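# Coordinates in review
Residue strings, one per chain:
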Amino acid sequence: MFRHLSRPVRRAVIYAVGFAIAIATVLVARAAPPFRDDRADNAAAQATQAAPGPVMFPLFGRKAGRLYDYEPKGTGGVKPLVDMGGGWAEVNTFVQANVSEYGNGNDLYHRAGGTLYYTAEHGNDTKVIGGGWDQYSLLVSVGNMGGTTDPDIVARHTDGTLWLYQGKADGTLVARIRIGTAGWNGMNALAGRGDYTGDGKADLIARGTDGTLYIYPGTGNAVQDAALGSRITVGKGWEAYKSIVSSGDNDGDGKTDLIANDSAGSLWLFKGTGNATAPFAPRVQIGTSGWASFDTLF
């Protein structure tokens, strides 16, 4: 869906009509062949969808109702923006996931009102996943946390419980499994999409309202209240960042990283180490200004 200007681009444009929300899907044809992957050096990693990493993902941001695509450089940082166009103001949640094309597609789950939609990178339609998703205050893609071959979604309920929705190859989701009983309202950010502890299983990143960052190691088991292990404290001071996002292995070293923007407008890369006791190297600045203007990064 979201690729360089030389790639086909589909975007869902959302219109409010009374109490109903309609999704129209637009295919913008570009000059290049329909599936040219300029991330050839990462093709082998992307070919195995079941692996939680290392995979490079683009970074997306929205401001003033417009969506922007920042492709990874491959050695750390992002390339200049690609403007994906407007019509996104009605979306209240975005989740990026590599579901289609055997894990190579940059697909999008997006929620408008209480309805969750799925749009594959290539295709002709936007799929309605279901209603009632406004019961969740946070949604995040976490990779293959449940041990299947498709990426999953973690949802934080307004009552503070945490739920896992395992993904299917067509973008739909299986019945939810509770993976956290209470207290998750004490977290104001979630991230994932990779292994941060070096055990080969997809983990969950969470930031507490006091600014403390935690890793909740994935167990690889889609079992009620047993999908996450005992949390690991990464450190304090993370309240300095407006958004915390995983775009996979951004620097190409085979380990999953984090990206964060601060209120001053800078963008930072936290390179993963694969070591549970010290999961991130010191931050590296990869953007100098303007990044605070995004109302969401994902």
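What follows covers the sheet that holds strand β11 (residues 152-157). An order of β10-β11-β12-β13 is seen for the 4 strands of this open sheet, with the pairing classed as antiparallel. Bordering the open sheet on either side are β10 (136-143) and β13 (177-180), each of which pairs with just one other strand. Here the average twist between neighbouring strands, direction ignored, is 30°.

Let us now look at the confidence of the model for the chain. Note: predicted coordinates in regions of low pLDDT should not be interpreted at a detailed level. For the chain, per-residue confidence averages 85 on the pLDDT scale, and 82% of positions sit at 70 or higher. Contacts for the low-pLDDT stretch residues 1-53, under 50 throughout, to residues beyond four places or in other chains number 155 contacts.

With that out of the way, let us pick up the sheet that holds strand β5 (residues 82-85). With antiparallel pairing, the 4 strands of this open sheet are ordered in space as β5-β4-β3-β22. The outermost strands of the open sheet, each flanked by one partner alone, are β5 and β22 (296-297). The pairing of strand β4 (residues 66-70) with β5 spans 3 bridges and is classified as antiparallel. Pairing of Leu-67 across the sheet is with Gly-85, part of β5.

Aromatic rings considered in pairs are described by the distance between their centres and by the relative angle of their planes. Counting across every chain of the model gives 18 aromatic pairs. When the centroid spacing of 6.2 Å and the interplanar angle of 80° are considered together, the rings of Tyr-68 and Phe-294 count as edge-to-face. With a gap of 226 residues between them, Tyr-68 in strand β4 and Phe-294 in the loop between β21 (284-287) and β22 connect regions that are remote in the sequence. Taken together, a centroid distance of 4.7 Å and an interplanar angle of 45° make the contact between Trp-184 and Tyr-216 tilted. Linking Trp-184 in the loop between β13 and β14 (187-191) with Tyr-216 in strand β16 (residues 213-216), this pair joins segments that are 32 residues apart in sequence. The buried category is assigned to Trp-184, whose relative accessible area is 8%. An aromatic cluster is present here, built from Tyr-196, Trp-238, Tyr-241, Phe-270 and Phe-280 joined pairwise through their rings. The ring of Tyr-214 has Arg-231 sitting right over it, with the charged end atom 3.9 Å from the ring centre. Positioned over the ring face of Trp-268 is Arg-283, at 3.5 Å from the centre of the ring.

Cut-off values and rules
- Residues numbered from 1 in each chain as written.
- Predicted model: local features only at pLDDT ≥ 70, side-chain atom pairs only at ≥ 80, totals over all residues.
- Heavy atoms only, no water.
- Pairing = 2+ DSSP bridges.
- Helix = DSSP H or I, 4+ residues; strand = E, 2+ residues; numbered from the N terminus.
- Axes fitted to C-alpha atoms, helices over the stretch in contact; angles between N-to-C directions.
- pLDDT = per-residue confidence, 0-100.
- Contact = heavy atoms within 4.5 Å.
- Phe/Tyr/Trp six-rings, centres within 6.5 Å; stacked < 30°, edge-to-face > 60°.
- Buried < 20%, exposed > 50% of the residue type's maximum accessible area, 1.4 Å probe, protein only.
- Lys NZ or Arg CZ within 6 Å of the ring centre and 35° of its normal.

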